[in-house]
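# Breakdown of the fold
The residues making up each chain are set out below.
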Amino acid sequence: RYVGFISDLLDLIERRIGVRFKRIPSGNRESGIQIAESESALFSSDLMKNGTSRMRYTEDFFAIPVVVLGAPGATPLSDLSQLNGKKVAINSCYEFSNKFQKKFSNINFHFTTTVREGLLRLAAGEVDGFMVPLHAGEHGMKELGLTDLKIVLVTNELLEIGFRVK
C-alpha cells in the first residue's frame, strides 16, 4: 500500500476515470526522476519542473504552501527576516531552495537531501528551523513521531504540483 499526498491523488484519479496505474516506488526524489526519465514510466507526479525532455508537464493543479517548522517552544515568526543569522535546513531537491538561498543570503541554509534528514536535524537541535512544503513536513513528522515540532511561519512561496506524461 502506498501512502501520501500523491498516492491519495492517484487513487482519486483511478476511481474517476476507471483506470489502474501500476505504481513504481521511488524511495526518494532523485530516484523518482530517474524512473520518470526511464522507459518504464509513462506518467509521473511532479513537484519540480526540471529533468527529462521526453515528458510533457500538465498544468499545475494544486499548490501547497512552503512552511518553516520549529522546535517545541519555538516562537511564531512574522517573516523570514527573523531567521537572519539562524541555521535553517532546506531540502535541495525542491526548486524553491535556490530561490530562497539567493533571496535570503543572511540565513545560514543547511541543505538536506530528504525531508526525513531535515526533520531529524531540527529535532536534534542541529538547526533552528526547517523549510519544507506543508504536506511533506506534516507527513514526515507523523511518520517519525515528531509531532511536537510546529509550524512557526507560512511563507508566501507555493509548491505547485502537476504531472509529467510521455
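Residues numbered from 1 in each chain as written. Predicted model: local features only at pLDDT ≥ 70, side-chain atom pairs only at ≥ 80, totals over all residues. Heavy atoms only, no water.

The subject of this paragraph is the overall build of the protein chain. When helices and strands are counted, the protein chain shows five helices and seven strands. The proportion of buried residues among the 166 residues of the protein chain is 41%. If you take every contact in the protein chain between residues at least 6 apart in sequence, the share linking residues at least 24 apart comes to 65%. Entry remark: accessible area of the protein chain is about 9,500 Å², with carbon and sulfur atoms responsible for 51%. (Helix = DSSP H or I, 4+ residues; strand = E, 2+ residues; numbered from the N terminus. Buried < 20%, exposed > 50% of the residue type's maximum accessible area, 1.4 Å probe, protein only. Contact = heavy atoms within 4.5 Å. Areas by Shrake-Rupley, 256 points an atom, 1.4 Å probe, with all protein chains shown as cover.)

The complete set of buried residues in helix α5 (residues 134-144) reads Ala136, Gly137, Gly140 and Met141. Buried residues of α5, viewed axially, fall in a sector of 125°; they line one side. Exposed and oriented more than 90 degrees from the buried face of α5 are Lys142 and Glu143. Buried residues along α5 sit against β3 (62-70), α4 (115-123) and β6 (129-133). Taken from the residues just after α5, Gly145 is the one with a positive phi, measuring 75°. (Arc of directions from axis to C-beta.)

Let us look at the environment of Glu59. One can find Glu59 in the loop between β2 (56-57) and β3. For Glu59, a relative accessible area of 71% translates into the label exposed. In this structure, the C-alpha to C-alpha distance between Glu59 and Ile161, residues 102 residues apart in sequence, is 8.4 Å.

A few words on the packing of α4 against α5. One can describe the packing of α4 onto α5 by two numbers: an axis separation of 10 Å at closest approach and a directional angle of 65°. Between α4 and α5, the crossing angle belongs to the class labelled roughly perpendicular. The handedness of the crossing between α4 and α5 comes out as right-handed. Residues Val115, Arg116, Leu119 and Leu120 of α4 lie in contact with α5, whose contacting residues are Ala136, Gly137, Gly140, Met141 and Leu144. (Axes fitted to C-alpha atoms, helices over the stretch in contact; angles between N-to-C directions. Parallel < 35°, antiparallel > 145°, perpendicular 65-115°, else oblique. Left-handed = near helix turned anticlockwise from the far one by under 90°.)

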